[in-house]
Amino acid sequence: EAQVTQNPRYLITVTGKKLTVTCSQNMNHEYMSWYRQDPGLGLRQIYYSMNVEVTDKGDVPEGYKVSRKEKRNFPLILESPSPNQTSLYFCASKRQGAGNQPQHFGDGTRLSIL
Amino acid sequence: SQQGEEDPQALSIQEGENATMNCSYKTSINNLQWYRQNSGRGLVHLILIRSNEREKHSGRLRVTLDTSKKSSSLLITASRAADTASYFCATDPSSTSGTYKYIFGTGTRLKVLA
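Residues numbered from 1 in each chain as written. Chains lettered and ligands numbered in written order. Predicted model: local features only at pLDDT ≥ 70, side-chain atom pairs only at ≥ 80, totals over all residues. Heavy atoms only, no water.

## As for the packing of aromatic side chains
Part 1: What the rule picks out here adds up to nine aromatic pairs over all chains.
Part 2: Each ring, one from Y31 of chain A and one from Y102 of chain B, has its centre 5.7 Å from the other, and the planes form 65 degrees; the classification is edge-to-face. Of this pair, Y31 of chain A sits in strand 4 (residues 31-38) while Y102 of chain B is found in the loop between strand 9 (85-93) and strand 10 (103-104), placing the two residues in two different chains.
Part 3: Ring geometry for Y35 of chain B and F104 of chain B: centres 5.7 Å apart, planes at 45 degrees, overall tilted. Placement of Y35 of chain B in strand 4 (residues 29-37) and of F104 of chain B in strand 10 is noted, with a sequence separation of 69 residues between them. The same class applies to Y35 of chain B as to F104 of chain B, namely buried.
Part 4: Here the aromatic cluster, defined as three or more aromatic residues joined through ring pairs, consists of Y35, F90 and F105 of chain A together with Y35 and F104 of chain B.
Part 5: Here the guanidinium or amino end of K94 of chain A rests over the ring plane of Y31 of chain A, the centre of that ring lying 5.5 Å away. (Phe/Tyr/Trp six-rings, centres within 6.5 Å; stacked < 30°, edge-to-face > 60°. Helix = DSSP H or I, 4+ residues; strand = E, 2+ residues; numbered from the N terminus. Buried < 20%, exposed > 50% of the residue type's maximum accessible area, 1.4 Å probe, protein only. Lys NZ or Arg CZ within 6 Å of the ring centre and 35° of its normal.)

See the structure below:
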C-alpha cells in the first residue's frame, strides 16, 4: 500500500531535549516536505526536499533541521525544542518532474513541548 | 506569510444543500489543489486543477480557477453529514517563480447538519 509513515504519532517532551520525527514514503517520490499546523494558521511549510541531498527552507524553518540522505526518508530534527514548537506536524511527498501531481500526507505527529 | 486565503473560515449547512468555499492566492502557479482534513487527521487530496484549466469536476465536487483574479472555488453539491471536515487549498508554484514552496490556505471548516 502506498503510504507516508510518520513516527512517533504523539510525543510529549521537555524544552531543550533533542528529538527527531521520522518520515518514510514507499512511492519512490522525489519531493518530500514537512508542515506544521496551528489553529487559525493552516499549514505552514517548514522544509522541503526536491531529491536526495537537496533541501530548502519553507516559510517557517527556524528551530528545525532536516536531512535527505535516502530517497525514502526525510527526518525532521528539533535540536533544542521550545514550547512554541508545540504543534501538529505533517510529512508529505509527491512525484516531481511528471507534470502536475498532488501531495500524499502522513497521519501527523502531535508534539507537545513543555 | 500565508498567500492562500480562504473564505469563509467556517460554514454550516443542512444536508442536501450545496457548499461553496473560496481561495485566493498571490503568485503565479502551476496548479491549485484542494485537500480535505478530518479532525486532526492527515490531509487527503480531492482535486487538482492546472493553471490552464478553468473548471474541473470530480463526482460531487466542482472546482473553478480564475488565474486573472488569482482565485479558485470549490463547490460540493448535495452535501452529506460525512462531508463535515476542513477544506484547504494549496498552490503549487510555477517553474518560473524560482521556488518550489507550497502555500496552503488557512482552511474552511465545513459542518453539514443531518
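On we go.
## Describing a nonpolar patch on the surface
Residue and element names in this part refer to chain A.
Part 1: On the surface, I12, V14 and L114 cluster together into a nonpolar patch covering about 330 Å² of accessible area.
Part 2: Within the element layout of this structure, L114 appears in the segment after strand 11 (109-113).
Part 3: Among the residues examined, L114 registers a relative accessible area of 63% and is labelled exposed. (Patch = residues over 30% accessible without salt bridge, like charges linked within 9 Å, V, L, I, M, F, W, Y side chains within 5 Å. Areas by Shrake-Rupley, 256 points an atom, 1.4 Å probe, with all protein chains shown as cover. Salt bridge = Lys/Arg side-chain N within 4 Å of Asp/Glu carboxyl O.)

## What to know about the interface of chain A and chain B
Part 1: Of the residues lining the interface, 26 residues belong to chain A; the matching set on chain B comes to 24 residues.
Part 2: Summed over both partners, the interface of chain A with chain B buries about 1900 Å², with 51% contributed by carbon and sulfur atoms.
Part 3: When the area that chain A buries against chain B is broken down by residue, the three leading residues are L43, D59 and N100 of chain A, summing to 28%.
Part 4: Inspection of the region where chain A meets chain B yields two salt bridges.
Part 5: A salt bridge links D59 of chain A to K101 of chain B; its shortest N-O distance comes to 3.0 Å.
Part 6: Elements that contribute at least two residues to the side of chain A that touches chain B include exactly strand 4, strand 5 (42-51) and strand 9 (87-94) of chain A.
Part 7: Ranked by residue count, the leading element in the side of chain A that touches chain B is strand 5 of chain A, at six residues.
Part 8: When its residues are assigned to classes, the side of chain A that touches chain B shows 10 nonpolar, 10 polar and six charged. (Contact = heavy atoms within 4.5 Å. Buried area = accessible area lost by both parts, 1.4 Å probe. Nonpolar A, V, L, I, M, F, W, Y, C, P; charged D, E, K, R; others polar.)

## Some thoughts on the state of the cysteines
Each disulfide consists of one covalent bond between the sulfur atoms belonging to two cysteines.
Residue and element names in this part refer to chain B.
Part 1: Counting across every chain of the model gives two disulfides over all chains.
Part 2: The side chain of C23 participates in a disulfide bridge whose partner is C89; the two sulfur atoms lie 2.0 Å from each other. In this structure the cystine formed by C23 and C89 twists about its S-S bond by roughly 70 degrees; its chirality is therefore right-handed. Here C23, found in strand 3 (residues 19-24), pairs with C89, found in strand 9; they are 66 residues apart in sequence, far enough to count as distant.
Part 3: Given a relative accessible area of 2%, C23 falls into the buried group. (Disulfide = S-S within 2.5 Å.)

## Structural notes on the sheet that holds strand 7 (residues 61-66) of chain B
Across a sheet, paired strands are connected by hydrogen bonds in the backbone, their directions being either parallel or antiparallel.
All names here are of chain B.
Part 1: Taken together, five strands build an open sheet; the order of strands is 1-3-8-7-6 and the sheet is antiparallel. Looking at which strands have only one partner, the edges of the open sheet turn out to be strand 1 (5-7) and strand 6 (55-58). Sheet twist, expressed as the mean angle between neighbouring strand axes with direction ignored, is 15 degrees.
Part 2: Pairing analysis gives four bridges linking strand 6 to strand 7, with the strands arranged antiparallel. Along strand 7, the bridge assignment pairs H57 with R62. (Pairing = 2+ DSSP bridges. Axes fitted to C-alpha atoms, helices over the stretch in contact; angles between N-to-C directions.)

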